[in-house]
Amino acid sequence: GSKEEAMADAEKLRLLLPPREKVTLLIIGNHSAGKSSFINWYIGEEILKANMAIETSNVTFITRGKKKTKFLPDMMMDHYTFLPEFVKKVDGVEDHMELQVCTSSERQFPMLDVIDTPGLIDGS
């Protein structure tokens, strides 16, 4: 191949490299829209309850780690540097947050932090 082809291949490879920092993906949708099911599928583990009943009542942060663990809000502040300021602004929100750590390497999950939210209820 020519030098131009090699440069083009190098550019394509550069686009495939993981981000330098994790990307945070916030999942928002109506009740029973499949938010938790999608996250379980993407992660490759049944980490969240998913069915027709209202299962998600907390904002659940999901990240990859070496050991499956569940953390409560006070232990999350170091991992998510934006949380302390957010918690100050939204009274009582820390009572409805948790962090789930799972070991999955599926579908590039190690490059993501996923946030699952309680379902929205259509008021019409």
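Residues numbered from 1 in each chain as written. Predicted model: local features only at pLDDT ≥ 70, side-chain atom pairs only at ≥ 80, totals over all residues. Heavy atoms only, no water.

> Summarise the pattern of salt bridges; cite the residues concerned and give the values.
Summed over the entire model, instances satisfying the criterion amount to three salt bridges. The residue K22 makes a salt bridge to D113 at a minimum N-O spacing of 3.2 Å. On the criterion of sequence distance, the pair formed by K22 in the loop between α1 (3-16) and β1 (23-27) and D113 in strand β5 (residues 112-116) is long-range, its members being 91 residues apart. (Salt bridge = Lys/Arg side-chain N within 4 Å of Asp/Glu carboxyl O. Helix = DSSP H or I, 4+ residues; strand = E, 2+ residues; numbered from the N terminus.)

> So what about the environment of Y80? Which residues, and what values?
As for its position among the elements, Y80 is in the loop between α3 (73-76) and α4 (83-89). Relative accessible area serves as the criterion here: at 3%, Y80 is assigned to the buried category. If we skip the residues at most four places from it in the chain, Y80 touches F61, I62, T63, L99 and D113. (Buried < 20%, exposed > 50% of the residue type's maximum accessible area, 1.4 Å probe, protein only. Contact = heavy atoms within 4.5 Å.)

> So what's going on with the pairing of strand β4 (residues 97-102)? Which residues, and what values?
With six of six residues buried, β4 is to be regarded as a mostly interior element. Neither face of β4 is left uncovered, since the one carrying M97, L99 and V101 and the one carrying E98, Q100 and C102 both have all their residues buried. In the sheet, strand β2 (residues 59-64) pairs with β4 via six bridges, with the strands oriented parallel. Across the sheet, residue R64 finds its bridge partner in β4, namely C102. Of the pairings in the sheet, the one linking strand β3 (residues 69-71) to β4 comprises three bridges and is antiparallel in character. Residue T69 lies in a different strand from β4, and its bridge partner there is V101. (Pairing = 2+ DSSP bridges.)

> Residues and numbers for the side chain of E98, please.
Following the sequence through the fold, E98 ends up in strand β4. Within the structure, E98 has its side chain in polar contact with the side chain of T60 (distance 3.5 Å). Only 3.4 Å separates the side chain of E98 from the side chain of K70, close enough to count as a polar contact. Ignoring any residue separated from it by four or fewer positions in sequence, one finds E98 in contact with N58, V59, T60, F61, K70, F71 and M76. (Polar contact = N/O pair within 3.5 Å; in protein donor to acceptor, adjacent residues only side chain to side chain.)

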